[in-house]
Amino acid sequence: MFFKRAKRKLPKPHEAKCHIRKGDKVVVIAGRDRGKIGKVLQVFPRRQRAIVEGVNIVKRHLRPTPYSEGGIVEKPAPIHVSNLMLFCPKCNRGVRIGRKFLEDGTKVRVCKKCGEIIEAEE
């Protein structure tokens, strides 16, 4: 007998919104890594998750292959974006963000506390 697996209903690619981008400096606000600050390595907007450097480290047991040796490897796992806050260098803490249009028409993210423009470090 084969059972159908319940599939997660993911938003369509154009509907997936995320306040965090690759290269952002973020603070973890919940979970076992609460308080840690790290750089976002990868973002999965449809799954609402991000991989942050040095956060949510898990151990993976790898089988040896002709190209790599096996063993126990530690690597960062995705963390939900609701547990992350953008880090404002001026306020020196995690902050909420707003969006603003500059005079030249570009849309930027700004800190709600101090009004500082927050840009991702590419």
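Residues numbered from 1 in each chain as written. Predicted model: local features only at pLDDT ≥ 70, side-chain atom pairs only at ≥ 80, totals over all residues. Heavy atoms only, no water.

## Structural notes on a positive patch on the surface
- Positive charge collects at one region of the surface, where Lys17, Arg21, Arg99 and Lys107 lie side by side.
- Residue class for Lys107 comes out exposed when judged on its relative accessible area of 52%. (Patch = residues over 30% accessible without salt bridge, like charges linked within 9 Å, V, L, I, M, F, W, Y side chains within 5 Å. Areas by Shrake-Rupley, 256 points an atom, 1.4 Å probe, with all protein chains shown as cover. Salt bridge = Lys/Arg side-chain N within 4 Å of Asp/Glu carboxyl O. Lys, Arg positive; Asp, Glu negative; His and termini not counted. Charge placed at Lys NZ, Arg CZ, Asp CG, Glu CD. Buried < 20%, exposed > 50% of the residue type's maximum accessible area, 1.4 Å probe, protein only.)

## Description of the sheet that holds strand 9 (residues 97-101)
- With antiparallel pairing, 3 strands are arranged side by side in an open sheet as 9-10-11. Bordering the open sheet on either side are strand 9 and strand 11 (117-118), each of which pairs with just one other strand.
- Where strand 10 (residues 107-111) lies against strand 11, 2 bridges are found, and the strand directions are antiparallel. If you follow Val110 over to strand 11, its bridge partner there is Ile117. (Pairing = 2+ DSSP bridges. Helix = DSSP H or I, 4+ residues; strand = E, 2+ residues; numbered from the N terminus.)

## Focus on the packing of aromatic side chains
- Considering all chains together, one arrives at 0 aromatic pairs under this definition.
- The ring centre of Phe44 lies 5.1 Å from the NZ or CZ of Arg47, which sits over that ring. (Phe/Tyr/Trp six-rings, centres within 6.5 Å; stacked < 30°, edge-to-face > 60°. Lys NZ or Arg CZ within 6 Å of the ring centre and 35° of its normal.)

## Re the UniProt feature "domain: KOW" (unreviewed entry) in the protein chain
- Using the residue numbers shown here, the UniProt feature "domain: KOW" (unreviewed entry) corresponds to residues 19-46.
- Helix makes up 0% of residues 19-46 and strand 43%, and the two end C-alpha atoms of the span are 12 Å apart. (UniProt positions renumbered as here; feature names shortened; annotations may be inferred.)

## A closer look at the pairing of strand 1 (residues 25-28)
- Two strands pair when backbone bridges link them, and strand 1 and strand 2 (residues 37-44) are joined in this way by 3 bridges, in the antiparallel orientation. Within strand 2, the position partnered with Lys25 by the bridge is Lys39.
- Bridging between strand 1 and strand 7 (residues 84-88) involves 3 bridges; their strand directions are antiparallel. Bridging from a neighbouring strand, Val26 pairs with Leu86 of strand 7.

## A few points about unusual backbone geometry
- In this structure, Asn56 is a non-glycine residue whose phi angle is positive, near 55 degrees.
- One can find Asn56 in the loop between strand 3 (49-52) and strand 4 (57-62).
- Positive phi is not limited to glycine here, since Asn92 has a value of about 60 degrees.
- Overall, the relative accessible area of 58% leaves Asn92 in the exposed class.

## A short note on the nonpolar core
- Ranked by internal contacts, the top residues of the largest apolar core, which has 16 residues, are Val26, Val40, Val52, Ile79, Leu84 and Ile118.
- Put simply, the parts of the chain that give this core at least two residues each are strand 1, strand 3 and strand 7.
- Looking at this core, the element that brings in the most residues is strand 7, giving 3 residues.
- With sequence-adjacent residues up to four places away left out, Ile118 is seen in contact with Leu86, Phe87, Cys88, Val95, Ile97, Arg109, Val110 and Cys111. (Core = buried A, V, L, I, M, F, W, Y, C linked by side-chain atoms within 4.5 Å. Contact = heavy atoms within 4.5 Å.)

## Describing the pattern of salt bridges
- Summed over all chains, the structure comprises 3 salt bridges.
- Asp24 is the salt-bridge partner of Arg109, the closest N and O atoms lying 2.8 Å from each other. Placement of Arg109 in strand 10 and of Asp24 in the segment before strand 1 is noted, with a sequence separation of 85 residues between them. No difference in accessibility class separates Arg109 from Asp24, as the two residues are buried.

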